Amino acid sequence: MSAYALKVALLTLMGDTFKDDKEVLEFRRLYDIAWFETEKQLTDVPEPDSQRMKTFKDAKDKLYKIIKRTLEHRKKNPAKKGELLLIDILIENCQDEETLLADTFTFVIGGFHTTGNLLTWCFYFLATHQDIQDKVQKEIKSVLGSDDVDHTNINDLVYLRQVIDETLRCAVIAPWGARFQDFDSELGGHKIPKNTPVIHALGVTQQDEAIWPVPNRFDPDRFSEENSKKRQSLAFQPFGFAGKRICPGYRFAYAEATVCFVTLLRKFKFNMVEGQVITPVHGLVTHPSEEVWITIDKR
Ligand code: HEM
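Note that this is a predicted model, so its numbers are computed, not measured. (Residues numbered from 1 in each chain as written. Predicted model: local features only at pLDDT ≥ 70, side-chain atom pairs only at ≥ 80, totals over all residues. Heavy atoms only, no water.)

**What about the site of the ligand?**
- Around the ligand there are 23 residues in total, and Gly 110, Thr 114, Arg 179, Arg 245 and Cys 247 lie nearest to it.
- At a separation of 2.6 Å, an oxygen atom of the ligand approaches a polar side-chain atom of Arg 179.
- Spatially, the ligand is embedded in the largest pocket.
- Elements represented by at least two residues in the shell around the ligand include exactly helix H5 (97–128) and helix H10 (250–267).
- With seven residues, the single largest contributor to the shell around the ligand is H5.
- Residues of the shell around the ligand, tallied by class, amount to 14 nonpolar, seven polar and two charged. (Near = heavy atom within 4 Å. Polar contact = N/O pair within 3.5 Å; in protein donor to acceptor, adjacent residues only side chain to side chain. 1 Å grid on protein atoms, 1.4 Å probe; cavity = no way out; pocket = protein on both sides within 12 Å on 5 of 7 lines; lining within 4 Å. Sits in = over half its atoms within 2 Å of the grid points. Helix = DSSP H or I, 4+ residues; strand = E, 2+ residues; numbered from the N terminus. Nonpolar A, V, L, I, M, F, W, Y, C, P; charged D, E, K, R; others polar.)

Structure (structure tokens):
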């Protein structure tokens, strides 16, 4: 799922430089090295001249080189009118080369790691809840018939959206965000001066028993229209609390996940390989402790 999400992000956001799977896999290999080290540094910071830091820096520099090459290729081969991708918008609007490189990199990273894990967890929940999987499949059949999913009908797949939302909540895909406070404010009687670093504990609200009874139970009905009305809106903010700095890719993530599930659930049934114990590992993004093994039957 992670490789699929990376390919989707690279092709749809960055263009045809990534048509060759070898490029995608090399990007993924370097990314894994850099990400593993970044998460490790949350609890264990290495010496600046250690081998760990050298390996990290080497992977990061190579990733930047790939992005730089992609940007140069796109500038020399601009998009046709009406076929603009995110990379073209960034090229047009970033004020200097450094910002362009950093922003492009941020979008690629933001665009695939979270979504890859969302898809993995969603398949896990569907395979462990066959009744829910059947309900999604029936909805796809009755809403779409044999039509493709697109922007005109995506919002009609109401139950599938509930399943995606419950996956974001139950697996706590993005457990926290971190921001410098933009202005002086007060919260629960505590003064928070401007520029204070604040951790937004998104996962804590998503698992709060007072809001979500039996929070570990996977239950998409929590997101039915009726049940959602009973909660205040900040109870579920899986893409951040940060107002205008909320995740800019959230609609893309919903669209990508929906296309993936419509395409696959139409044709196949997903079952867990028995005997697996899957536990969540919370880091910058929550991933399963082990690979999730699933078997596939034709419908
Ligand atoms: C399941 C999918 C995703 C989840 C759970 C997720 C979650 C988040 C969260 C929690 C933040 C931090 C917001 C804050 O600062 O409070 C964020 C930021 C960001 N996300 Fe996502 N995201 C997802 C998919 C995507 C996709 C598909 C893209 C790009 C196409 C993307 C691009 C970004 C970027 C660029 C930022 C930084 C925004 C800024 O600092 O202004 N994300 N995301």
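So much for the structure itself; the text now carries on.
**Digging into the coordination of the iron atom of the ligand**
- There is one protein donor for the iron atom of the ligand, and it is Cys 247 (SG), at 2.3 Å.
- Mapped onto the fold, Cys 247 is located in the loop between helix H9 (225–229) and H10. (Donors = N, O, S within 2.8 Å, 3.2 Å for Na, K, Ca; no water.)

**Topic: the layout of surface pockets**
- Approximately 1,600 Å³ is the volume attributed to the largest pocket.
- Lining of the largest pocket is provided by 45 residues; of these, Thr 106, Ile 109, Gly 110, Thr 114 and Cys 247 occupy positions nearest its centre.
- Elements with a contribution of two residues or more to the lining of the largest pocket: helix H2 (21–40), helix H3 (51–76), H5, strand S1 (177–180) and H10.
- Of all the elements, H5 adds the most residues to the lining of the largest pocket, at 11 residues. (Points joined across faces, edges and corners; volume = space filled by probe spheres on them.)

**Quick look at the domain arrangement of the protein chain**
- As assigned here, the protein chain comprises domain 1 (1–93) and domain 2 (130–299).
- Taking only C-alpha atoms into account, the centre of domain 1 sits 25 Å from that of domain 2.
- Counting residues at the interface gives nine residues for domain 1, matched by eight residues for domain 2.
- Of the roughly 710 Å² buried between domain 1 and domain 2, counting both surfaces, carbon and sulfur atoms make up 75%.
- By the criterion of area lost to domain 2, the three top residues of domain 1 are Tyr 4, Glu 39 and Leu 42, representing 51% of everything that side buries.
- Here domain 1 and domain 2 share zero salt bridges between them.
- At the boundary of domain 1 and domain 2, one finds two residue pairs in polar contact (both at pLDDT 80 or more). (Domains from an automatic or database assignment. Contact = heavy atoms within 4.5 Å. Buried area = accessible area lost by both parts, 1.4 Å probe. Salt bridge = Lys/Arg side-chain N within 4 Å of Asp/Glu carboxyl O.)

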